[in-house]
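Observations on the model geometry
Residues per chain, in single letters:
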Amino acid sequence: QVQLVESGGGLVQPGGSLRLSCAASGSIFSINGMDWYRQAPGKQRGLVASITTGGNTNYADSVKGRFTISRDNAKNTVYLQMNSLKPEDTAVYYCRIGSSRYPYRYWGQGTQVTVSS
């Protein structure tokens, strides 16, 4: 069955950088958009960045100019380059891949990003 495996999280100092990756195993048919969400303690999960099949991107205002989302369809992988990290970026980051086939959306297991001095 399909599984999304996330990697790249960890502990980093403010101003540092991390690169998250999310790779899908198994077959996902008709992949559409790819997204990154995050959930901080005590807060609801929110959209961080999205990228369409055509490569169009959108970002939450809080990360615009600092984060970059990209994708490699040959590897069924989505990336999130995070620069100039702030303590408020601390959260569990989840990837999501959309498909036209049931169950329509696949979620990664989440990876912890902690920004602290």
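The sections below set out a description of the structure shown in this document.

About the criteria used
Residues numbered from 1 in each chain as written. Predicted model: local features only at pLDDT ≥ 70, side-chain atom pairs only at ≥ 80, totals over all residues. Heavy atoms only, no water. Pairing = 2+ DSSP bridges. Helix = DSSP H or I, 4+ residues; strand = E, 2+ residues; numbered from the N terminus. Axes fitted to C-alpha atoms, helices over the stretch in contact; angles between N-to-C directions. Phe/Tyr/Trp six-rings, centres within 6.5 Å; stacked < 30°, edge-to-face > 60°. Buried < 20%, exposed > 50% of the residue type's maximum accessible area, 1.4 Å probe, protein only. Contact = heavy atoms within 4.5 Å. Salt bridge = Lys/Arg side-chain N within 4 Å of Asp/Glu carboxyl O.

Notes on the sheet that holds strand β1 (residues 3-7)
Taken in spatial order, the four strands of this open sheet run β1-β3-β8-β7, and their pairing is antiparallel. The two strands at the open ends of the sheet, each matched to only one other strand, are β1 and β7 (67-72). Between one strand axis and the next, the sheet turns through 15° on average, direction left out of account. With five bridges connecting them, β1 and strand β3 (residues 18-25) associate as antiparallel partners. The partner of glutamine 3 across the bridge, within β3, is serine 25.

Side note on the packing of aromatic side chains
For any pair of aromatic rings, the description rests on two quantities: the centre-to-centre distance and the angle between the ring planes. Counting across every chain of the model gives two aromatic pairs. The interplanar angle of 55° and the centroid separation of 5.0 Å between the aromatic rings of tyrosine 37 and tryptophan 107 together place this pair among those described as tilted. Here tyrosine 37 is found in strand β4 (residues 31-39), whereas its partner tryptophan 107 is found in strand β10 (residues 105-107), with 70 residues between them in sequence. Judged by relative accessible area, which is 36%, tryptophan 107 ranks as partly exposed. Relative to tyrosine 104, the ring of tyrosine 102 has its centre 5.9 Å away and its plane inclined at 85°; by these criteria the two rings are edge-to-face.

Some remarks on the side chain of threonine 77
Its location among the elements puts threonine 77 in strand β8 (residues 77-82). Look past the residues within four positions of threonine 77 in its chain and what remains in contact with it is Ser21, Cys22, Ala23, Met34, Ser70, Arg71 and Asp72.

Let's talk about the pattern of salt bridges
Enumeration over the complete set of coordinates arrives at three salt bridges. A salt bridge links aspartate 89 to arginine 38; the shortest N-O distance between them is 2.9 Å. Placement of the pair is aspartate 89 in the loop between β8 and β9 (91-99) and arginine 38 in strand β4, with a sequence separation of 51 residues. Its relative accessible area of 1% is what places aspartate 89 among the buried residues. Between aspartate 89 and arginine 66 there is a salt bridge, with the nearest N and O atoms lying 2.7 Å from each other. Residue aspartate 89 is found in the loop between β8 and β9, and its partner arginine 66 is found in the loop between β6 (57-59) and β7; the two are separated by 23 residues along the sequence. Here the residues in one salt-bridge network are Arg38, Arg66 and Asp89, joined through shared partners.

Describing the environment of leucine 80
Examined against the element boundaries, leucine 80 turns out to sit in strand β8. Exposure remark for leucine 80: the relative accessible area of 0% places this residue in the buried category. It is 9.2 Å that separates the C-alpha atoms of leucine 80 and aspartate 35, two residues lying 45 residues apart in sequence.

Considerations on the pairing of strand β5 (residues 46-51)
Direction of pairing for β4 relative to β5: antiparallel, over a ladder of five bridges. Bridging from a neighbouring strand, aspartate 35 pairs with serine 50 of β5. Following β4, the chain reverses through six residues before pairing antiparallel with β5; glycine 42 in that reversal takes a positive phi of roughly 80°. Bridging between β5 and β6 involves three bridges; their strand directions are antiparallel. Bridge assignment links isoleucine 51 to a residue of β6, and that residue is threonine 57. Remark: five residues form the turn of the hairpin made by β5 and β6, two consecutive strands paired antiparallel; glycine 55 in that turn has positive phi of roughly 95°.

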